[in-house]
Amino acid sequence: MSHSEVERELELKLVLSPERSVAVPALLTYRTADPYAVHIVFHLGSERPVAWTFARELLVEGVFRPCGHGDVRVWPTKVAGREVVLMALTSPDGDALLEAPALPVTAWLERTLRIVPPGTEAEHLGIEDGLRHLLSPMPVDDLWLGDPWPSDESAEGE
């Protein structure tokens, strides 16, 4: 099974206060090999980018209504008349509130939903192929698949 990716570079805003935010380049990635997840990499000017992975379903729902709890919460809102999606991310390293323009996020999500419609994710995991490979007999198995204890009886003793 071939796998593909849907990527979108986007400028998000890291909200520092109601009056102040900082532009943050980000890369949204969806991989058919990991069909339940979305990946977001933020380039915050540090030595290494910050990567987050969470359920695609959470982001899909979050563009329409508030959802999530704990480490990832997503909800739609308007800021200065613009439709945006807010993502609140919590980790042991700190909290972040990110603002994403709704239209490009929604367009990117629609592309992911076209290549892997909701409810078909398991078909892209290759579980059946993996099980078939694990359970298929190997040449060395022929020794074990035959009679493990050949008969001790000989024709001479009868």
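Structural data are supplied above this passage.
Model, not experiment: these values are computed from the prediction. (Residues numbered from 1 in each chain as written. Predicted model: local features only at pLDDT ≥ 70, side-chain atom pairs only at ≥ 80, totals over all residues. Heavy atoms only, no water.)

Draft legend 1. Geometry of the overall build of the chain. What the chain contains, in helices and strands, is four helices and eight strands. Order of helices (α) and strands (β) in the chain, N terminus to C terminus: β-β-β-β-α-β-β-β-β-α-α-α. Here the chain holds 158 residues, and the buried ones make up 28% of them. Put simply, 36% of the contacts in the chain that link residues at least 6 apart link residues at least 24 apart. Working note: accessible area of the chain is about 10800 Å², and carbon and sulfur atoms make up 56% of it. (Helix = DSSP H or I, 4+ residues; strand = E, 2+ residues; numbered from the N terminus. Buried < 20%, exposed > 50% of the residue type's maximum accessible area, 1.4 Å probe, protein only. Contact = heavy atoms within 4.5 Å. Areas by Shrake-Rupley, 256 points an atom, 1.4 Å probe, with all protein chains shown as cover.)

Draft legend 2. Quick peek at unusual backbone geometry. Even without a glycine there, the phi angle at Ala 80 is positive, about 50 degrees. Within the secondary structure layout, Ala 80 lies in the loop between β6 (72-79) and β7 (82-91).

Draft legend 3. Summary view of the sheet that holds strand β4 (residues 50-55). Pairing is antiparallel in the open sheet, where eight strands are placed in the order β4-β3-β2-β1-β8-β7-β6-β5. In the strand order of this sheet, the two ends are held by β4 and β5 (67-69), each with one partner. Across the sheet, the mean angle separating the axes of adjacent strands is 35 degrees when strand polarity is ignored. Across two bridges, the pairing between strand β1 (residues 5-17) and strand β8 (residues 94-101) is antiparallel. Counted as the bridge partner of Leu 14 is Leu 98 from β8. Sitting on the sheet, helix α2 (residues 102-115) is in contact with β1, β2 (20-31), β3 (37-42), β7 and β8, with an inclination near 150 degrees to β1. (Pairing = 2+ DSSP bridges. Axes fitted to C-alpha atoms, helices over the stretch in contact; angles between N-to-C directions.)

Draft legend 4. Region of interest: the nonpolar core. Of all hydrophobic cores here, the largest spans 29 residues; its most connected members are Phe 42, Phe 54, Leu 59, Val 74, Met 87, Val 105 and Trp 108. Those residues in contact with Phe 42 that lie beyond four places of it in its chain are Leu 12, Val 24, Pro 25, Ala 26, Pro 49, Val 50, Trp 52, Leu 89 and Leu 98. (Core = buried A, V, L, I, M, F, W, Y, C linked by side-chain atoms within 4.5 Å.)

Draft legend 5. Summary view of the pattern of salt bridges. For the structure on display, the rule yields five salt bridges. Glu 5 is the salt-bridge partner of Arg 31, the closest N and O atoms lying 3.1 Å from each other. Of the two residues, Arg 31 sits in strand β2 while Glu 5 sits in strand β1, which places them 26 residues apart along the sequence. For Lys 78, the salt bridge goes to Glu 83, with nearest N and O atoms at 3.5 Å. For Lys 78, a relative accessible area of 56% gives the class exposed. Under the relative-accessibility criterion, Glu 83 is labelled partly exposed at 46%. (Salt bridge = Lys/Arg side-chain N within 4 Å of Asp/Glu carboxyl O.)

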